[in-house]
Amino acid sequence: MPPLESWFMPLSLLNPTTKLNPLLLAGSMVALTYAGICYTLYSYQTKLIYRPLPDLIKTPADTGLAYEDIWIPIPHSQSKLHAWWIPNPGSNRVLLFCHGNYGNISYNTERIRFHHSQGCSVLAFDYRGYGQSSGPSPSEPAIFADAEAAWQYLTSTRHIAPHNITICGHSIGGAVAIHLASQHPKVNRLIVESSFTSMRDAVITKNIYRAFPIDQLLTESFNSLSKVQKLTMPVLYVHGDQDFDVPVDFSKRLYAATPNPKQLFIAPGADHNIESLAGPTYAAVLQDFYKTEQAINQLQSA
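Residues numbered from 1 in each chain as written. Predicted model: local features only at pLDDT ≥ 70, side-chain atom pairs only at ≥ 80, totals over all residues. Heavy atoms only, no water.

**Quick notes on a nonpolar patch on the surface**
And step 1. Residues I57, Y102 and Y107 make up a contiguous nonpolar surface patch of about 290 Å² in total accessible area.
And step 2. Along the polypeptide, Y107 turns up in the loop between β5 (102-103) and α3 (109-117).
And step 3. We classify Y107 as partly exposed; its relative accessible area is 33%. (Patch = residues over 30% accessible without salt bridge, like charges linked within 9 Å, V, L, I, M, F, W, Y side chains within 5 Å. Areas by Shrake-Rupley, 256 points an atom, 1.4 Å probe, with all protein chains shown as cover. Salt bridge = Lys/Arg side-chain N within 4 Å of Asp/Glu carboxyl O. Helix = DSSP H or I, 4+ residues; strand = E, 2+ residues; numbered from the N terminus. Buried < 20%, exposed > 50% of the residue type's maximum accessible area, 1.4 Å probe, protein only.)

Right, here's the structure in full:
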């Protein structure tokens, strides 16, 4: 981003003894205001993107699930991630859940319960700065590293094989899940709920930001569209057709750019919180997705 001083040239070039032209003065004030807004957007974009809350409002026990509090160390740091391990006895399928930008894992207990009910043990974790996870404020590289730490916990500490792990992410967590899956091609499958192609595209859909030079201001890119072409595992994109926070067209574009095998489920009447409005239908889609993958595994091992 250009130095803030460069935005002040219209006023700094004026001779103090010169009578100010009202139009020039008005134009300079508009330029200063615009520059100030640009600087604020650039400097505080992480506070606009990430909206962590410290207090847990629920636990899995509130939805009838037994769980264990887990603390995952962040490599090269004194910080730790707080996570819940919700076992599902009798199933070797594990779901690593990456939540969205708001609140913390406790705002996702119903989503966790839903995926647990589909036959998965679930590891749900908070990014640094969210809930009880320690560490500095979140950023794109930081939450990518947090997801990697959660992956390493499953594979190295719990010794769960990658071919038994499904990575799932909701909203910005979908971008985190796509990035993580692109780094681990042996993961069994990927589920992306209500996510977007890139942060730039998501920002542009908000009319209020279209007047600003987004390409110059934005540092948190979350460019999922550039990563999905590398995915090798089966992928399921899920989106509500009444999602006005993140338009359904984003999932359609991600789906089109993703190699087979892939599926796209557009839930009629569902908004950004897909499970609450498309539960039974979504559950049937998920079971079909899991069965399809079982058939693929059997075919590959034959």
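**Description of α3**
And step 1. Within α3, the full set of buried residues consists of T109, R111, I112, F114, H115 and H116.
And step 2. Of the residues one or two after α3, G119 is the one with positive phi, at around 95°.

**Here's the deal with unusual backbone geometry**
And step 1. For the bond running from N260 to P261, omega is 0°, close enough to zero to count as cis.
And step 2. By the element assignment, P261 lies in the loop between α8 (249-257) and β10 (262-267).
And step 3. For S194, which is not glycine, the phi dihedral falls at a positive 50°.
And step 4. As for its placement among the helices and strands, S194 is situated in the loop between β8 (189-193) and α6 (199-204).
And step 5. S194 sits in the buried class, given a relative accessible area of 0%.

**A closer look at the packing of aromatic side chains**
Working definition: an aromatic ring pair is given by the centre-to-centre distance plus the angle between the planes.
And step 1. Taken as a whole and judged by the stated rule, the model has 9 aromatic pairs.
And step 2. Where F265 meets Y282, the ring centres are 6.1 Å apart and the plane angle is 25°; that geometry is what we call stacked. Of this pair, F265 sits in strand β10 while Y282 sits in helix α9 (residues 274-301); the two residues are 17 residues apart in sequence, bridging distant segments of the chain.
And step 3. Accessibility expressed as a relative area gives 10% for F265, which makes it buried.
And step 4. Judged by its relative accessible area of 0%, Y282 falls in the buried class.
And step 5. Joined through ring pairs, the aromatic side chains of Y50, F144 and F222 make up one cluster. (Phe/Tyr/Trp six-rings, centres within 6.5 Å; stacked < 30°, edge-to-face > 60°.)

**Re the pattern of salt bridges**
Here the idea is simple: oppositely charged side chains can pair when their charged atoms come close.
And step 1. By the definition in use, this model includes 6 salt bridges.
And step 2. Linked by salt bridges that have partners in common, R200, D201 and R253 make up one network.

**Some details on the pairing of β8**
And step 1. Counting buried positions along β8 gives 5 out of 5 residues, so the element sits mostly inside the fold.
And step 2. Residues R189, I191 and E193 of β8 are buried on one face, and the alternating residues L190 and V192, pointing to the opposite face, are buried as well.
And step 3. Here 5 bridges tie strand β7 (residues 165-170) to β8, and the two strands are oriented parallel to one another. Considered in β8, the bridge of H170 is made with E193.
And step 4. Read from β7 through helix α5 (residues 172-183) to β8, the crossover connection turns out right-handed. (Pairing = 2+ DSSP bridges. Right-handed = clockwise from strand over helix to strand, strands pointing away.)

**Regarding the packing of helix α4 (residues 140-157) against α5**
And step 1. Between α4 and α5, the least distance of the axes is 10 Å, while the angle of their chain directions is 60°. With respect to α5, the element α4 is oriented oblique. For the element pair α4 and α5, the recorded crossing hand is right-handed. When α4 is examined against α5, the residues I143, F144, A147, E148 and W151 are found in contact with a partner set consisting of A175, V176, H179 and L180. (Axes fitted to C-alpha atoms, helices over the stretch in contact; angles between N-to-C directions. Parallel < 35°, antiparallel > 145°, perpendicular 65-115°, else oblique. Left-handed = near helix turned anticlockwise from the far one by under 90°. Contact = heavy atoms within 4.5 Å.)

**Thoughts on α5**
And step 1. Compared with the 16 Å implied by 1.5 Å per residue over 12 residues, the 17 Å span of α5 between its first and last C-alpha is a close match.
And step 2. Burial within α5 is extensive, with 11 of its 12 residues counted as buried.
And step 3. Buried within α5 we find I172, G173, G174, A175, V176, A177, I178, H179, L180, A181 and S182. (Expected span 1.5 Å × (residues − 1).)

**A few points about the sheet that holds β7**
And step 1. A sheet is described by the order of its strands in space; here 8 strands give the open sequence β2-β3-β6-β4-β7-β8-β9-β10, paired in mixed fashion. Each edge of the open sheet is held by one strand with a lone partner, namely β2 (68-73) and β10. Going from strand to strand, the sheet's axes swing by 20° on average, the running direction of each strand aside.
And step 2. Set on the sheet, α8 makes contact with β9 (235-240) and β10; between it and β10 the angle comes to about 165°.

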